[in-house]
Amino acid sequence: EDKVFWVNDGTAIRNLEELVKTLETMNSDTFKYHCNKEKNDFSNWIKDVIGDVRLANELKKNKTKTHAIHKIKRRIEWLKKI
């Protein structure tokens, strides 16, 4: 449970696939709470908990929900192939 990403609306995320599903339905205020000029909680969680530095760095540059969903889906597809 200490590895779970807790969204400020109470949603618990345990892996990249759950993150994508949550982002797809997340409202813009919640997204902006976690991803803004000052911070990117998704990038930090992916780096520190998931251990995927490459994806974390790609998301750190990101500031839109659509871009984040696209990057995470592409990474999941790539990981499933290897």
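Report follows, based on the coordinates. Not measured: the values here are computed from a predicted model.

What about the overall build of the protein chain?
- Secondary structure summary: the protein chain contains five helices and two strands in total.
- Along the chain direction, N to C, the helices and strands of the protein chain fall in the order β-β-α-α-α-α-α.
- Computed over its C-alpha atoms, the radius of gyration of the protein chain comes to 12 Å, within 12% of the 12 Å expected for a compact globule of 82 residues.
- The proportion of buried residues among the 82 residues of the protein chain is 39%.
- Partitioning the intrachain contacts of the protein chain with sequence separation of at least 6 by distance along the chain shows that 47% fall at a separation of at least 24.
- Of the roughly 5300 Å² of accessible surface on the protein chain, a fraction of 50% belongs to carbon and sulfur atoms.
- One finds the centroid of the 18 positive side-chain charges in the protein chain at a distance of 7 Å from the centroid of its 13 negative side-chain charges.

Observations concerning helix α3 (residues 41-50)
- Of the positions making up α3, those classed as buried are Asp41, Phe42, Ser43, Trp45 and Ile46.
- Turning to α3, the residues buried within the fold contact β1 (5-6), β2 (12-13), α1 (16-25), α2 (28-34) and α4 (53-60).
- The backbone nitrogen of Phe42 lies 3.2 Å from a side-chain oxygen of the residue at the head of α3, namely Asn40.
- Once α3 finishes, Gly51 follows within two positions and takes phi at roughly 85°, a positive value.

Describing the packing of α3 against α4
- Contact geometry for α3 and α4: axes closest at 8 Å, N-to-C directions at 170°. As the angle between them shows, α3 and α4 are arranged roughly antiparallel. Where α3 approaches α4, its residues Ser43, Ile46 and Lys47 are matched on the opposing element by Val53, Leu55, Ala56, Asn57, Leu59 and Lys60.
- Here the residues of the contact of α3 with α4 sort into five nonpolar, two polar and two charged.

What about the nonpolar core?
- Ranked by internal contacts, the top residues of the largest apolar core, which has 20 residues, are Leu19, Leu23, Phe42, Ile46 and Ile72.
- Broken down by secondary-structure element, the contributors of at least two residues to this core are α1, α3, α4 and α5 (65-81).

Parameters and conventions
- Residues numbered from 1 in each chain as written.
- Predicted model: local features only at pLDDT ≥ 70, side-chain atom pairs only at ≥ 80, totals over all residues.
- Heavy atoms only, no water.
- Helix = DSSP H or I, 4+ residues; strand = E, 2+ residues; numbered from the N terminus.
- Rg over C-alpha atoms; globule rule 2.2 N^0.38 Å.
- Buried < 20%, exposed > 50% of the residue type's maximum accessible area, 1.4 Å probe, protein only.
- Contact = heavy atoms within 4.5 Å.
- Areas by Shrake-Rupley, 256 points an atom, 1.4 Å probe, with all protein chains shown as cover.
- Lys, Arg positive; Asp, Glu negative; His and termini not counted.
- Charge placed at Lys NZ, Arg CZ, Asp CG, Glu CD.
- Polar contact = N/O pair within 3.5 Å; in protein donor to acceptor, adjacent residues only side chain to side chain.
- Axes fitted to C-alpha atoms, helices over the stretch in contact; angles between N-to-C directions.
- Parallel < 35°, antiparallel > 145°, perpendicular 65-115°, else oblique.
- Nonpolar A, V, L, I, M, F, W, Y, C, P; charged D, E, K, R; others polar.
- Core = buried A, V, L, I, M, F, W, Y, C linked by side-chain atoms within 4.5 Å.

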